[in-house]
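Structure assessment
Each chain is listed here by its residues.
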Amino acid sequence: MAETADTILILSDRPDGQVKQLSSSFHRLGVKTLSMHLADIGFDSRYKSGIAIPGLDGALPAAVVVRSVSSGTFEAITRRLGILHAFAHLGIPVWNSAKAIERCVDKSTTTFLLAQAGLPTPETFAVENLQNARAIVEREIAKGPLVLKPLFGSQGRGIRLINGPEDLPVPEEIDDVYYLQRFVARAGPPFRDYRVFTCAGEALGMMARCADGWITNIAKGAKAEPVTGPLQVKLEALALAASKAIGTDFAGIDIIPATDGGLLVLEVNSMPAWSGLQSVVPVRVADCIARALTAGVFPHLGERPAA
């Protein structure tokens, strides 16, 4: 295999605050970092590794942290994920792996794996073409509304409440894929659900997301609140089980309370933001990610706490 540099590669389409936090956390542990867009890394058969990484002169990173893959054509996304698969093939730790990212980005696969693991999640249906979607709505609507979500999407964008077949959009609006999930009624306003951040088999922290409307993403204006009491134990156990079912190294697990008092896992996010969470928890999320990854790659450094 090609030479490996003592550098952690952070992949993101922009140098946001969380990339800067991660870089600082690794640096305090004595580990160098290099940040770049995944799109700028290429396959190159001239190199022994088969991969060309700007700034590493043919060498490979010691490990990779994926903050974002960013949008693009099907061909572009396939190539970028191919790079992540190639790193893993070469024995380079990748947090999160291409497999975990693929499982999380595709909400239907996430739901399938959660259900197969026996974890509580809302009834969900994912089909192609309007005729199949109409058949599902006509069959299921007597039990209550459904929620239509983009199969690939985040931060609450593109979510619609479906009260009947007439609410379904035309195929061109959603690339002819209909991901429909049972609407979970909650008391409100304010409406509340939960985000739990897991890393290396531990729950780093959690927050309640509170909003005047039923869509409770922080990016949509929801407020972060701390979670206290016995609920913490239930949320932690459910989040860790969800992370294990999907195979993430770190993740943001979205959990919603049902009217019967139960908890349901909505989504597992393999490239989660943590600015809202960081405002209500005492741990420094970036430090925890850096320590956990460094402990596996540079064991003698991982034992040192970040300053």
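The protein chain appears in an unreviewed UniProt entry as RimK family alpha-L-glutamate ligase from Phyllobacterium phragmitis.

1. Some words on the nonpolar core
Residues Ile-8, Phe-26, Phe-197 and Ile-289 are the most contacted members of the largest nonpolar core, which totals 26 residues. Ranked by residue count, the leading element in this core is helix α8 (residues 285-297), at 6 residues. Dropping the residues within four chain positions of it, Ile-289 is found in contact with Leu-22, Trp-95, Phe-197, Cys-199, Phe-250 and Trp-274.

2. Some thoughts on the state of the cysteines
For the structure shown, the criterion picks out 0 disulfides. Just so you know, Cys-199 is unpaired, no disulfide at all, and the nearest cysteine sulfur is the one on Cys-288, 6.9 Å from it.

3. A closer look at the pairing of strand β1 (residues 7-11)
For β1, the buried fraction is high: 5 of the 5 residues fall into the buried class. When β1 meets strand β2 (residues 32-36), the two strands line up parallel, connected through 5 bridges. Following the sheet pairing, Leu-9 is matched in β2 by Leu-34. Crossover handedness for the path β1 to helix α1 (residues 17-28) to β2: right-handed.

4. Regarding helix α6 (residues 231-246)
Over its 16 residues, α6 runs 23 Å from end to end, which matches the ideal 22 Å to within 8%, given 1.5 Å per residue. Looking only at α6, the buried set comprises Leu-235, Leu-238, Ala-239, Ala-242, Ser-243, Ala-245 and Ile-246. Along the axis of α6, the buried positions cluster into a sector of 160°, meaning they face one direction only. Projecting away from the buried face of α6 at angles above 90 degrees are the exposed residues Val-233 and Lys-244. Downstream of α6 by one or two residues, Gly-247 has phi in the positive range, about 90°.

5. What about the packing of aromatic side chains?
In total, this model carries 3 aromatic pairs according to the counting rule given. Measuring from ring centre to ring centre gives 5.3 Å for Phe-183 and Trp-214, while their planes differ by 90°; the resulting arrangement is edge-to-face. Residue Phe-183 is located in the loop between β10 (177-182) and β11 (191-199), and its partner Trp-214 is located in the loop between β12 (202-211) and β13 (223-226); the two are separated by 31 residues in the primary sequence. For Trp-214, a relative accessible area of 27% translates into the label partly exposed. Judged by centre distance (6.0 Å) and plane angle (90°), the rings of Phe-197 and Trp-274 are edge-to-face. Placement of Phe-197 in strand β11 and of Trp-274 in the loop between β15 (263-269) and α7 (275-278) is noted, with a sequence separation of 77 residues between them. Here the aromatic residues Phe-197, Phe-250 and Trp-274 are joined through ring pairs into a cluster of three or more.

6. Let's talk about helix α5 (residues 130-140)
Ala-133, Ile-136, Val-137 and Glu-140 are the residues of α5 that are buried. Seen from one end, α5 has its buried residues packed into an arc of 95°, which puts them on one side. In α5, the exposed positions angled more than 90 degrees off the buried face are occupied by Gln-131 and Glu-138. Looking at the buried residues of α5, the elements they touch are β7 (124-128), β8 (146-149), β9 (160-162) and β10. Where α5 begins, one side-chain oxygen reaches toward the backbone nitrogen of Gln-131, 3.0 Å away; that side chain belongs to Asn-129.

7. Here's the deal with unusual backbone geometry
A cis geometry characterises the amide bond from Trp-95 onward to Asn-96, with omega recorded as -10°. Tracing the sequence through the fold places Asn-96 in the loop between β6 (94-95) and α3 (98-105). Unusually for a residue other than glycine, Asp-57 sits at a positive phi of about 50°. Positionally, Asp-57 belongs in the loop between β4 (51-52) and β5 (63-66).

8. Some thoughts on the side chain of Arg-182
Within the secondary structure, Arg-182 is located in strand β10. The exposure class of Arg-182 is buried, given its relative accessible area of 13%. Ignoring any residue separated from it by four or fewer positions in sequence, one finds Arg-182 in contact with Pro-122, Glu-123, Glu-140, Lys-143, Gly-144, Pro-145 and Leu-146.

9. Looking at the pattern of salt bridges
Two side chains with opposite charge may pair up if their charged atoms get near one another. Counting across every chain of the model gives 15 salt bridges. A salt bridge links Asp-193 to Arg-209; the nearest nitrogen and oxygen atoms lie 3.0 Å apart. Here Arg-209 lies in strand β12 and Asp-193 lies in strand β11, a separation of 16 residues in the sequence. In terms of burial, Asp-193 and Arg-209 fall into one category: buried. With a closest N to O distance of 2.5 Å, Asp-254 and Arg-195 form a salt bridge. In this pair, Asp-254 is assigned in strand β14 (residues 250-257) and Arg-195 in strand β11, connecting sequence segments 59 residues apart. Judged by its relative accessible area of 5%, Asp-254 falls in the buried class.

Quick notes on the rules
- Residues numbered from 1 in each chain as written.
- Predicted model: local features only at pLDDT ≥ 70, side-chain atom pairs only at ≥ 80, totals over all residues.
- Heavy atoms only, no water.
- Core = buried A, V, L, I, M, F, W, Y, C linked by side-chain atoms within 4.5 Å.
- Buried < 20%, exposed > 50% of the residue type's maximum accessible area, 1.4 Å probe, protein only.
- Helix = DSSP H or I, 4+ residues; strand = E, 2+ residues; numbered from the N terminus.
- Contact = heavy atoms within 4.5 Å.
- Disulfide = S-S within 2.5 Å.
- Pairing = 2+ DSSP bridges.
- Right-handed = clockwise from strand over helix to strand, strands pointing away.
- Expected span 1.5 Å × (residues − 1).
- Arc of directions from axis to C-beta.
- Phe/Tyr/Trp six-rings, centres within 6.5 Å; stacked < 30°, edge-to-face > 60°.
- Polar contact = N/O pair within 3.5 Å; in protein donor to acceptor, adjacent residues only side chain to side chain.
- Salt bridge = Lys/Arg side-chain N within 4 Å of Asp/Glu carboxyl O.

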